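Fold and contact review
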Amino acid sequence: MTTLNDYRDERLRKLGQIRELGINPYPAKSHRNTKIATILDHFTEKDGQDVCIAGRIVAIRAFGKIAFVKLRDYTGEVQIFMEKSDVVAPGMFGVKQLKLLDTGDFIEATGKVGKSSTGEISVFTNEVRLLTKSLRPLPGYDGLTNKEERYRRRYVDMNVNPEVRERLVRRSKFWQATRDFMNSHGFIEINTPVLETTTGGADANPFVTHMDALDSDYYLRISQELPLKRLLGGGFEKVYDIGPRFRNEGVDDEHLPEHIAFESYAAYEDYEDGMRLYEEMIKYVAKETWGTLKFNVGGFEVDLDQDWPRIKYADLLRDKFDVDVFNPDREKMLSILRGNGVRVDPSVSDGRLLDNLWKLIRKTSAGPYWLVEEPLSLSPLAKVSDENPLVTQRFHPIIAGTEMGNGYSELNDPLDQLARFEEQQAMRDSGDDEAQMLDMDFVEMLEYGMPPACGWGNSERNFWLLEGVSGREAVPFPIIKKRNEE
């Protein structure tokens, strides 16, 4: 049986022959002037014209004095029709020399556009130029099905499974549409630090790293929130950041330790303004990315094209589990969670128990709707409701069993913020690694003054959800455990 090493050895032999001919198998310059899609889409205009195309060899078929090479670039595939010639330019490969080329090699072909005798659009030439000699053969379309191998060699996966590459194009459109929407509404994109001396803005366990130059430990940010709000204190009114954040947590369909996130803040606006703006944004981004507002996600039929209702957090837990979120019965909550197969440490806070109950409800919710008025204990950075001091002006869009964002009227009372930070720090000191840290510099900024504002954040999990794939399927190079090489 022929092994990968056998194929590689044969290609190394060919590489040696190519070098002996005085040909550089890895030249720096290509002379391509036409993409394949341009030929296919505008054949009438291109028919009979000279073009130079380049791409990867998909297939080679040689029949004596003629040969057919299927070439693929990013935009499409086209046939190169070659006829044997007694004269081949130096450094070029004619029909006779094609035996030195393999599928997977990158080549360049200059010739006339036309159609073959069978009517196939082709580029007619007597010779091609090698741009890159590949040493490993790509597997066939059915030869790369193991998920782990696909993730380890994503560059192979993208060649064998073109839909992976197309998904990444939509991912790019998703974030471009987000930028376009925010820019059109007067927001300014400002990138904030990834390394922080104190991290916060979310309930998450951070990664820790060490900076040799300062001999100090730093955290990889878990959120862009606090730096962006410092910008509001510095005089900006509408800001946002799109970039990576890092959370030292498990890997599953909805969570990746490293992922792209978006956060924005608007001065002189509150959560009512935010719900109107971000409902419009989610619809705009979905339409620009997928061309529709109707989705089938995980068995949920979701129609974003409507006015989304608002449902109170306390009402949901009361109606579903008969739990009073303002005076919760711990034993009752623990019993409900255990009865639903949720393993939880009985010593965790009431807030964590409530959050786990809410997640049971969320998983069955098709949406879209806005979850509002989350309890104060679960929202350390949100303003208290004017009508009910036990709840906050916080809002989540619930779509297809998940929270597709998080927003609230931002807390800007420095004394209130300090008290909430101290409560969170006490939880952290007692062993809750996801509780937020006490950030005195942020409190100091608030003492100088920050205007009332609405904040919002969502991650690329929104893309994963509406695309209908897991997080690792939706990113270019998913995190995977390093394999020990012997």
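Computed from a predicted model, the values in this text were never measured in an experiment. (Residues numbered from 1 in each chain as written. Predicted model: local features only at pLDDT ≥ 70, side-chain atom pairs only at ≥ 80, totals over all residues. Heavy atoms only, no water.)

It is worth spelling out the layout of surface pockets at this point. Of the volumes computed, that of the second largest pocket is approximately 500 Å³. Along its surface, the second largest pocket is lined by 18 residues, and R136, P137, P139, R153 and V156 are the ones closest to its centre. Among the residues making up the lining of the second largest pocket, the classes are represented as nine nonpolar, five polar and four charged. (1 Å grid on protein atoms, 1.4 Å probe; cavity = no way out; pocket = protein on both sides within 12 Å on 5 of 7 lines; lining within 4 Å. Points joined across faces, edges and corners; volume = space filled by probe spheres on them. Nonpolar A, V, L, I, M, F, W, Y, C, P; charged D, E, K, R; others polar.)

On to the pattern of salt bridges. If you walk through the whole model with that rule in mind, you get 37 salt bridges. As a salt-bridge pair, E10 and R13 come within 2.5 Å of each other at their nearest N and O atoms. Of the two residues, E10 and R13 are both situated in helix α1 (residues 4-20); the distance of three residues between them amounts to about one turn of the helix. Note on E10: relative accessible area 33%, which makes it partly exposed. (Salt bridge = Lys/Arg side-chain N within 4 Å of Asp/Glu carboxyl O. Helix = DSSP H or I, 4+ residues; strand = E, 2+ residues; numbered from the N terminus. Buried < 20%, exposed > 50% of the residue type's maximum accessible area, 1.4 Å probe, protein only.)

So, on to the side chain of S264. Mapped onto the elements, S264 comes out in strand β12 (residues 258-267). A distance of 2.6 Å separates the side chain of S264 from the side chain of Y278, its partner in a polar contact. (Polar contact = N/O pair within 3.5 Å; in protein donor to acceptor, adjacent residues only side chain to side chain.)

Quick look at the packing of helix α12 (residues 414-429) against helix α13 (residues 440-448) now. Here α12 crosses α13 at 165°, and the two axes come no closer than 9 Å. The angle between α12 and α13 places the two elements in the roughly antiparallel class. Seen from above, α12 lies across α13 with right-handed handedness. Taking contact as the criterion, the partners of P414, Q417, L418 and F421 in α12 are, on α13, M440, F442, V443, L446 and E447. (Axes fitted to C-alpha atoms, helices over the stretch in contact; angles between N-to-C directions. Parallel < 35°, antiparallel > 145°, perpendicular 65-115°, else oblique. Left-handed = near helix turned anticlockwise from the far one by under 90°. Contact = heavy atoms within 4.5 Å.)

With that out of the way, let us pick up the pairing of strand β17 (residues 394-399). When a strand is regular, its side chains alternate between the sheet's two faces. Judged by how many residues are buried, β17 sits mostly within the fold: six of six residues are covered. When strand β16 (residues 369-372) meets β17, the two strands line up antiparallel, connected through four bridges. The partner of Y369 across the bridge, within β17, is I398. Where β17 meets strand β19 (residues 406-409), two bridges bridge the pair, whose relative direction is antiparallel. Note that in β19 the partner of R394 across the bridge is Y408. (Pairing = 2+ DSSP bridges.)

Another point: empty space enclosed by the protein. For the structure on display, the rule yields two cavities of 30 Å³ or more. Lining the largest cavity, in full, are F174, T178, M281, I282, V285, A286, M404, N458, N462 and L466. With four residues, helix α8 (residues 271-290) is the largest single contributor of residues to the lining of the largest cavity. Considering only residue class, the lining of the largest cavity consists of seven nonpolar, three polar and no charged. The space that makes up the second largest cavity amounts to roughly 30 Å³.

So, on to the environment of K238. Its place among the elements puts K238 in strand β11 (residues 238-246). Residue K238 is classed as partly exposed on the basis of its relative accessible area, which comes to 25%. For the pair K238 and A266, spaced 28 residues apart in sequence, the C-alpha to C-alpha distance is 4.5 Å. Once residues lying within four places of it in the same chain are set aside, the contact partners of K238 are H185, G186, F187, I188, Y265, A266 and E269.

The next thing to look at is the sheet that holds strand β8 (residues 195-196). Strand order in the open sheet made by the three strands is β8-β10-β9, with antiparallel pairing throughout. Of all strands in the sheet, those with a lone pairing partner are β8 and β9 (208-211), marking the two edges. Where β9 meets strand β10 (residues 216-220), four bridges bridge the pair, whose relative direction is antiparallel. By the bridge assignment for β10, V208 is matched with Y219.

With four of five residues buried, strand β5 (residues 121-125) lies mostly within the body of the structure. As defined by bridge partners, strand β3 (residues 76-83) adjoins β5 across four bridges and the pair is classed as parallel. Residue pairing for β5: Q79 is matched across the bridge by S122. Across four bridges, the pairing between strand β4 (residues 106-115) and β5 is antiparallel.

What follows deals with the packing of helix α9 (residues 313-321) against helix α11 (residues 350-362). α11 packs onto α9 with a crossing angle of 75° between their chain directions and a minimal axis gap of 10 Å. Relative to α11, the element α9 is oriented roughly perpendicular. Two secondary-structure elements touch here, α9 through Y313, L316, L317, K320 and F321 and α11 through L354, D355, L357, W358, L360 and I361.

Before going further, it helps to spend a moment on the packing of aromatic side chains. Under the criterion given, the structure shown has 18 aromatic pairs. Here W370 and F395 contribute two aromatic rings whose centre-to-centre distance is 5.4 Å and whose plane-to-plane angle is 65°, an arrangement assigned as edge-to-face. Residue W370 is found in strand β16, and its partner F395 is found in strand β17; the two are separated by 25 residues along the sequence. For the pair shown, W370 and F395 are each scored as buried. Between F395 and W456, the aromatic rings sit 5.7 Å apart at their centres with planes inclined by 20°, giving stacked as the arrangement. Here F395 is found in strand β17, whereas its partner W456 is found in strand β20 (residues 453-459), with 61 residues between them in sequence. W456 gets classed as buried once you look at its relative accessible area, which sits at 1%. Of the aromatic side chains, those joined through ring pairs into one cluster are Y271, Y278, W308, W370, F395 and W456. (Phe/Tyr/Trp six-rings, centres within 6.5 Å; stacked < 30°, edge-to-face > 60°.)

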